[in-house]
Amino acid sequence: MSTPSRLGEVMALDRLVHEPARLLILAVLSGAKEVEFGFLEQMSGLSKGNLSSHMSKLEAGGLIEVRKSFRGKRPLTELCITLAGRRALAAYRQQLAMVMQELPDPAASPKRR
Amino acid sequence: MSPDVETRLHELESLTRSYARYSRSAGGMSSVLGGVLCLIAYLGGPLLPATPLTRTVLIAIPAVWLLAKGWMMRHYYQRMGHVEEWETPLERRVHWFCVAVTLLVAVAITASIGMAARQHAWSLPVGMLGYLALVWLLVLAAWRWLRSPLDFIVGTFLFCQAALISAGGFYPLIGTTHTHQAMLMSLVALMFPLVALAMIARGIAEHRQFRELRQRLEHLQGALAGES
């Protein structure tokens, strides 16, 4: 593959999904119907603020749904991945796999004299 | 995809999926408790003396189990936060079928008791009112909590036994009855202790799987703490 087309594939990666924290959120949400904020916080190791910021971006992109309610007097935030989110994650995995496949193996490259 | 990224994504998804099982299809020790309570209700009904205390205990068994089930899920199996498991279309259909059956039975029983009560100036003994209440509570329980086939069978038996005890009867033990109808009923009821034993075995296996899952989750959290 030529360098420009490879670059094109890298550029075509969904930036919204490509960010590690957001990728992690989508991966966790894809394993369940609905996830409580606390679980996601512990699984990701992210701070509450950081996690909320990434959640807002994913929600704005239509990849996740965030539901806020109360359990007794305690606020409860539940998240779930949307169909668009599922598709975006699958497409991202496929695209990244293709890019990685095309990259030359550093271990197999000829040694410099 | 980079094998490292792919493995990590797969691991996160799989951990969440395994953890989510304890919201619906896996009960762990609550399944063991359900099985044990089912055996107690099956044997206790016909074998224990019918004192007010034993009757109250046997009638309270389904509520005790459902409360314990909810408590264990929230405070032990899903203490990291509630994660709801995906339901397959088949599981959803089976669940709604079970709810529909309990609803149909509740309607039929209410209608037949109502017709009998009409002939006696709408007077019903307290035990029969308790019976009716438990039959309708079963519909609610089937919809809200009894969402796996084993849970449904054991839960149904616990509610039915409690309802019968409330009305002054119980499911007969096999070999203790002589009438044709009671023998048939005891044969059908024999299914429940067998299902209870299967549920105990399943609960123990699920609890073991949960301990492994907890180790994997702790390992992941340790790795995340190391990275940050």
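The rules behind the values
- Numbering of residues starts from 1 in each chain and follows the order in which that chain's sequence is written.
- As a convention, the first chain written is A and the first ligand written is 1, with the rest following in written order.
- Note on the predicted model: pLDDT of at least 70 is required for a residue's local features to be given, and 80 or more for side-chain atom pairs to be given and counted; whole-chain, interface and lining totals, by contrast, use all residues.
- The helix and strand labels rest on DSSP assignments: H or I over at least four residues marks a helix, E over at least two residues marks a strand, and numbering proceeds from the N terminus.
- The exposure label follows from counting other C-beta atoms within 10 Å of a residue's C-beta, where the C-beta atoms are placed from the backbone and the thresholds are 20 or more for buried and 12 or fewer for exposed, leaving partly exposed in between.
- Here contacts are defined at the residue level, using C-beta atoms placed from the backbone and a cut-off of 7 Å between them.
- A set of buried residues qualifies as a nonpolar core if it consists of Ala, Val, Leu, Ile, Met, Phe, Trp, Tyr and Cys joined through C-beta atoms within 7 Å.
- A residue's pLDDT is the predictor's confidence in that residue, given on a scale from 0 to 100.
- In this classification, the charged set is Asp, Glu, Lys and Arg, the nonpolar set is Ala, Val, Leu, Ile, Met, Phe, Trp, Tyr, Cys and Pro, and all remaining amino acids, among them Gly, are polar.
- By definition here, a helix of n residues has an expected span of 1.5 Å times n minus one.
- When DSSP finds two or more bridges between two strands, those strands count as paired.
- Angular values range over 0 to 180 degrees, each being the angle between N-to-C directions of two axes fitted as lines to C-alpha atoms, with helices fitted over their stretch in contact.
- By definition in this entry, angles of less than 35 degrees are roughly parallel, angles greater than 145 are roughly antiparallel, angles of 65 to 115 are roughly perpendicular, and the rest are oblique.
- Two helices that cross are described as forming a left-handed crossing if the nearer one is turned anticlockwise from the farther one by less than a right angle, and a right-handed crossing if clockwise.

Q: I tried to follow the overall build of chain A on my own but got confused; where do I start?
A: Helix and strand counts for chain A come out as six helices and three strands. Starting at the N terminus and walking to the C terminus, you meet the elements of chain A as α-α-α-β-α-α-β-β-α. A total of 113 residues make up chain A; the buried ones form 27% of that total. Across chain A, the fraction of contacts at a sequence separation of at least 24, relative to all contacts at a separation of at least 6, is 57%.

Q: How should I be thinking about the overall build of chain B in this particular structure?
A: Secondary structure summary: chain B contains eight helices and one strand in total. Ordered by position from N to C terminus, the α and β elements of chain B give α-α-α-β-α-α-α-α-α. Across its three principal axes, chain B shows a C-alpha extent of roughly 75 × 30 × 30 Å. When contacts within chain B are restricted to residue pairs at least 6 apart in sequence, those whose partners lie at least 24 apart make up 80%.

Q: What am I meant to see in the environment of Met 73 of chain B here?
A: Residue and element names in this part refer to chain B. Note that Met 73 resides in helix H3 (residues 52-77). For the pair Met 73 and Ala 106, spaced 33 residues apart in the sequence, the C-alpha separation amounts to 29 Å. If we skip the residues at most four places from it in the chain, Met 73 touches Tyr 22, Ser 23 and Gln 78.

Q: Where do I start with the nonpolar core in this structure?
A: Across soluble globular proteins, nonpolar side chains have a tendency to be buried as a group. Among the nonpolar cores identified, the biggest contains 36 residues, and Cys 38, Val 154, Leu 158, Phe 159 and Ala 162 of chain B are the most heavily contacted of them. Elements supplying a minimum of two residues to this core: helix H2 (29-47), H3, helix H4 (89-118), helix H5 (126-144), helix H6 (149-166) and helix H8 (191-227) of chain B. A per-element tally of this core places H6 of chain B first, with 10 residues. Judged by nonpolar contacts, the second largest core, of 32 residues, contains Leu 29 and Ala 88 of chain A together with Ala 26 and Val 83 of chain B.

Q: Just checking my understanding: could you explain the confidence of the model for chain A for this structure?
A: Atomic detail in the predicted coordinates should be set aside for any region of low pLDDT. Residue-level pLDDT values for chain A average 83, and 80% of them are 70 or greater. No element of chain A has a lower mean pLDDT than helix H1 (residues 3-11) of chain A, at 58, and none a higher one than strand S1 (residues 34-36) of chain A, at 95.

Q: Just to check I follow, could you spell out the interface of chain A and chain B for this structure?
A: One frequent convention defines the size of an interface as the accessible area lost when the parts assemble. At the interface, 20 residues of chain A touch 20 residues of chain B. Elements that contribute at least two residues to the side of chain A that touches chain B include exactly helix H3 (20-29), S1, helix H4 (37-44) and helix H6 (83-102) of chain A. Sort the elements by how many residues they give to the side of chain A that touches chain B and H4 of chain A lands first, with five residues. Looking at the side of chain A that touches chain B, its residues break down into 11 nonpolar, five polar and four charged.

Q: How should H6 of chain B be read in this particular structure?
A: Within an α-helix, residues lying three or four positions from one another point in the same direction, as the helix has 3.6 residues per turn. The first and last C-alpha atoms of H6 of chain B sit 25 Å apart over 18 residues, in line with the 26 Å expected at 1.5 Å per residue. Immediately downstream of H6 of chain B, the backbone of Gly 168 of chain B shows phi near 95°, a positive value.

Q: Explain the sheet that holds strand S3 (residues 74-81) of chain A to me, please; I cannot follow it from the model alone.
A: Picture the strands of a sheet paired through backbone hydrogen bonds; they go either parallel or antiparallel. Sheet architecture is open: four strands sit in the order S2(A)-S3(A)-S1(A)-S1(B), paired in antiparallel fashion. Every other strand in the sheet has two partners, leaving strand S2 (64-71) of chain A together with strand S1 (83-84) of chain B as the edge strands with one partner each. Of the strands in this sheet, S1, S2 and S3 of chain A touch H3 of chain A, which is tilted by about 85° from S3 of chain A.

Q: Whenever I open this one, the pairing of S2 of chain A confuses me. Can you help?
A: Residues and elements named next belong to chain A. Pairing of S2 with S3 involves eight bridges; the strand directions are antiparallel. Its bridge partner being in S3, Val 66 is matched across the sheet by Leu 79. As consecutive antiparallel partners, S2 and S3 are separated by two residues, and within that stretch Gly 72 has a phi angle of approximately 70°, a positive value.

Q: Even after reading the chapter, I still don't get the pairing of S3 of chain A, so can you show me in this structure?
A: On a regular strand, each side chain points to the face opposite its neighbour's, so the side chains alternate between the two faces of the sheet. Two elements, S1 of chain A and S3 of chain A, share two bridges in a ladder whose sense is antiparallel. Considered in S3 of chain A, the bridge of Glu 36 of chain A is made with Glu 78 of chain A.

Q: Would you mind showing me how to read H4 of chain B here?
A: Between its first and last C-alpha, H4 of chain B extends 43 Å over 30 residues, near the 44 Å set by a 1.5 Å rise per residue. Contacts from the buried residues of H4 of chain B go to H5 and H6 of chain B.

Q: Please explain the packing of H3 of chain A against H4 of chain A as it appears in this structure.
A: The relative placement of two packed helices comes down to the angle between their axes together with the axis-to-axis distance. Residues and elements named next belong to chain A. It is at 10 Å that the axes of H3 and H4 come closest, and there the two elements cross at 125°. By the angle between their axes, H3 is oblique relative to H4. Here H3 runs over H4; the crossing is right-handed. Contacts from Ala 21, Leu 24, Ile 25 and Val 28 in H3 reach Leu 40, Met 43 and Ser 44 in H4.

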